[in-house]
Amino acid sequence: MNITVLGAGAWGTALAASTASRHPTMLWARDPEQAAHMRALRRNERYLPEAGLPEALQVTPDFGAALAHARDGLLVIATPMAALREMLASVPEHASVWWLCKGFEARTGLLGHEVAREVQPGARAGVLSGPSFAVEVARGLPTALVAATTDAALAEAAVQAFHSDSLRVYTSADPAGVEVGGAVKNVLAIATGIADGMGLGLNARAALITRGLAEMTRLGLALGARAETFMGLSGLGDLVLTATGDLSRNRQVGLKLAGGQSLSQILTELGHVAEGVYSAPTVLQRAREWAVEMPITEAVVQVLDGRFTARQGLEYLMGRSARSEW
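This is a predicted model, so every value here is computed, not measured.

Re the pairing of strand S9 (residues 143–148)
Within S9, 6 of the 6 residues are buried, which leaves it mostly tucked inside the rest of the structure. The alternating pattern of S9 places Thr143, Leu145 and Ala147 on one face and Ala144, Val146 and Ala148 on the opposite face, and all of these are buried. Bridge count for strand S8 (residues 124–129) against S9 is 3 bridges, and the pairing is antiparallel. Residue Val127 lies in a different strand from S9, and its bridge partner there is Ala148. Taken together, the 6 bridges between S9 and strand S10 (residues 167–172) define a ladder with parallel strand orientation. Counterpart to Ala148 in the pairing with S10 is Ser172. Between the parallel elements S9 and S10, the chain passes through helix H7 (residues 152–162) in a crossover that is right-handed.

Right under this line is the structure:
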């Protein structure tokens, strides 16, 4: 099966490296200079310097060639959420497309499958998500993902393409739930990073993760998702990884905010996209549209906007009135 990965960031590079030993795989890099360096060094020095690239992996800046390579196979969009609409509009109507990005589109507030419905209503499409740090996938460490689509044949193609000795792929028919989990967990990871950075202890961390999962589930149900999805890989699994793993950029944002750094300084230092920063206002907007209560998300938005300090965000959450857990 021919596979093309569009986007040579960390996650796109890792997935392409993972499949290249089993399937003819091409990785498209927007920057010709970056593509040339990757071919010469067999390494993505810019986004994934820790892992080498297999010799079988083709790297190209030629978008047309990348699309042609996957004509009868799979296309994987590995750009940030902000570029998903542009990429979907650029692929052929008959293509079988997966995307890796997590979040809501900033301008419209749409999830990936909602964007695809607008841009490519007849496309065979789905989202590949779950608890996965790119560097661990590139190194062949055990990882489990979920491929979510309402197209059963496309889901089976994803299993054939990506399932391996080190990468397990489960299928789901609930793309809405998988995408809500992937978007909201980034916001909650910022909250957990703030709490850990303030030295609030493991009890506070457990409470934030658990109550954050409740927020995530409430929003998902309002948007048509299935409750059981949030107890799976793309819900609880991805939330635990992103909220507690020090490789998480969103967690790092929270830790640094607690340390008193400005958001602009933090984002400059990271050098990579922290999707939770951009998703948080949109998550809150959609929650308000559906009258879904998300106090942790609201506190994070206030801190990111500079209206709350980290301490004031904590006081806001702790000052809420007592209620039944359910």
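Additional details are given in the paragraphs that follow.
Re the nonpolar core
Grouped together as the largest cluster of nonpolar side chains are 42 residues, with contacts concentrated most on Leu219 and Val253. Secondary structure elements with two or more residues in this core: helix H8 (175–197), helix H9 (202–222), helix H10 (233–244), helix H11 (249–258), helix H12 (263–270), helix H13 (275–289) and helix H14 (295–304). At 10 residues, H8 tops the list of elements feeding residues into this core. The residues contacting Val253, other than those within four sequence positions of it, are Ile190, Leu263, Ile266, Leu270, Ala274 and Val277. In this structure, Val59, Leu74, Ala134 and Val137 belong to the second largest nonpolar core, which totals 36 residues.

Side note on the packing of aromatic side chains
Here the structure, examined in full by the defined rule, presents 2 aromatic pairs. Geometrically, the ring pair formed by Phe308 and Tyr316 is tilted, given 5.9 Å between the ring centres and 50 degrees between the ring planes. Looking at Phe308, the relative accessible area reads 21%, which means it is partly exposed.

Description of the packing of H9 against H10
It is at 11 Å that the axes of H9 and H10 come closest, and there the two elements cross at 140 degrees. For the element pair H9 / H10, the angle class is oblique. As for the relative orientation of H9 and H10, their crossing is right-handed in sense. Touching Arg205, Ile209, Leu213 and Met216 of H9 are Gly235, Leu236, Leu239, Val240, Ala243 and Thr244, all from H10. Classifying every residue of the contact of H9 with H10 gives 7 nonpolar, 2 polar and 1 charged.

So, unusual backbone geometry
The phi torsion at Arg42 lies on the positive side, around 55 degrees, for a residue other than glycine. Examined against the element boundaries, Arg42 turns out to sit in the loop between helix H2 (32–41) and strand S3 (43–44). A positive phi is found at Ala291, a non-glycine position, where the angle reads about 55 degrees.

Some remarks on the UniProt feature "binding site: sn-glycerol 3-phosphate" (unreviewed entry) in the protein chain
Mapped onto the present numbering, the UniProt feature "binding site: sn-glycerol 3-phosphate" (unreviewed entry) falls on Lys102, Gly130, Ser132, Lys185, Asp238, Ser248, Arg249 and Asn250. Here Ser132 lies in the loop between S8 and helix H6 (134–138). Taking relative accessible area as the criterion, Ser132 reaches 14% and is therefore assigned buried. Setting aside residues up to four positions removed in sequence, Arg249 forms contacts with Leu270, His272, Val273 and Ala274.

Cut-off values and rules
Residues numbered from 1 in each chain as written. Predicted model: local features only at pLDDT ≥ 70, side-chain atom pairs only at ≥ 80, totals over all residues. Heavy atoms only, no water. Buried < 20%, exposed > 50% of the residue type's maximum accessible area, 1.4 Å probe, protein only. Helix = DSSP H or I, 4+ residues; strand = E, 2+ residues; numbered from the N terminus. Pairing = 2+ DSSP bridges. Right-handed = clockwise from strand over helix to strand, strands pointing away. Core = buried A, V, L, I, M, F, W, Y, C linked by side-chain atoms within 4.5 Å. Contact = heavy atoms within 4.5 Å. Phe/Tyr/Trp six-rings, centres within 6.5 Å; stacked < 30°, edge-to-face > 60°. Axes fitted to C-alpha atoms, helices over the stretch in contact; angles between N-to-C directions. Parallel < 35°, antiparallel > 145°, perpendicular 65-115°, else oblique. Left-handed = near helix turned anticlockwise from the far one by under 90°. Nonpolar A, V, L, I, M, F, W, Y, C, P; charged D, E, K, R; others polar. UniProt positions renumbered as here; feature names shortened; annotations may be inferred.

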